[in-house]
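Residue-level structure breakdown
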Amino acid sequence: MAGVDENGPKLFHVDPSGTYMQYNAKAIGSGSEGAQTTLQEEYHKSMTLAEAEERALKILKQVMEEKLNSTNVEMASVKVGGKFEVYDKEKMEEIISRISKN
């Protein structure tokens, strides 16, 4: 669950029992343990959105068994002002293209 309040952006992971924890960055799904460790090591609050997108996908690429593409990965962002965006296929392909160049 993500949102923005008067203190800035917030990200929470809620498990099926209803227990929630706040994170700065969070990985879920298969391979999430390794990805979460790397996210905690590499995330910093001064990252731009583009840097965070690229870092997240690079980490996923490291832990995924199959090739990273726009159909097997989903990403969303919440921006100040409350704009929530689930990235479409074209946006995902653009980010994947950026990390492929680096």
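Figured I'd write up the structure that's included with this text. Here the structure is a predicted model, which means the values were calculated and not measured. (Residues numbered from 1 in each chain as written. Predicted model: local features only at pLDDT ≥ 70, side-chain atom pairs only at ≥ 80, totals over all residues. Heavy atoms only, no water.)

As a further point, take the pattern of salt bridges. Where charged atoms from two side chains of opposite charge come close, those side chains can pair. All chains considered together, the criterion is met by six salt bridges. Note that E53 is salt-bridged to R98, the shortest N-O span being 2.9 Å. Remark: R98 occurs in helix 3 (residues 89–101) and E53 occurs in helix 2 (residues 49–63); sequence separation between them is 45 residues. Side by side, E53 and R98 carry an identical accessibility label, which is buried. With its nearest N and O atoms 3.9 Å apart, the salt bridge here joins K79 to E85. With relative accessibility at 34%, the residue K79 sits in the partly exposed group. The exposure class assigned to E85 is partly exposed, which follows from its relative accessible area of 24%. By sharing partners, the salt bridges in this structure join E53, E54, E94 and R98 into a single network. (Salt bridge = Lys/Arg side-chain N within 4 Å of Asp/Glu carboxyl O. Helix = DSSP H or I, 4+ residues; strand = E, 2+ residues; numbered from the N terminus. Buried < 20%, exposed > 50% of the residue type's maximum accessible area, 1.4 Å probe, protein only.)

A separate point is the environment of G29. Looking at the secondary structure, you find G29 in the loop between strand 3 (20–23) and helix 1 (32–42). The exposure class assigned to G29 is exposed, which follows from its relative accessible area of 51%. In this structure the C-alpha to C-alpha distance between G29 and E93, which are 64 residues apart in sequence, comes to 21 Å.

The next point concerns the layout of surface pockets. The computed volume of the largest pocket comes to approximately 1700 Å³. Lining the largest pocket are 49 residues, with L11, N24, A25, K26 and A76 positioned closest to its centre. Taken together, the elements giving at least two residues each to the lining of the largest pocket come down to strand 1 (2–5), strand 2 (8–14), strand 3, helix 1, helix 2 and strand 4 (76–79). In terms of residue count, helix 2 provides more of the lining of the largest pocket than any other element does, eight residues in total. A per-class count over the lining of the largest pocket returns 28 nonpolar, twelve polar and nine charged. (1 Å grid on protein atoms, 1.4 Å probe; cavity = no way out; pocket = protein on both sides within 12 Å on 5 of 7 lines; lining within 4 Å. Points joined across faces, edges and corners; volume = space filled by probe spheres on them. Nonpolar A, V, L, I, M, F, W, Y, C, P; charged D, E, K, R; others polar.)

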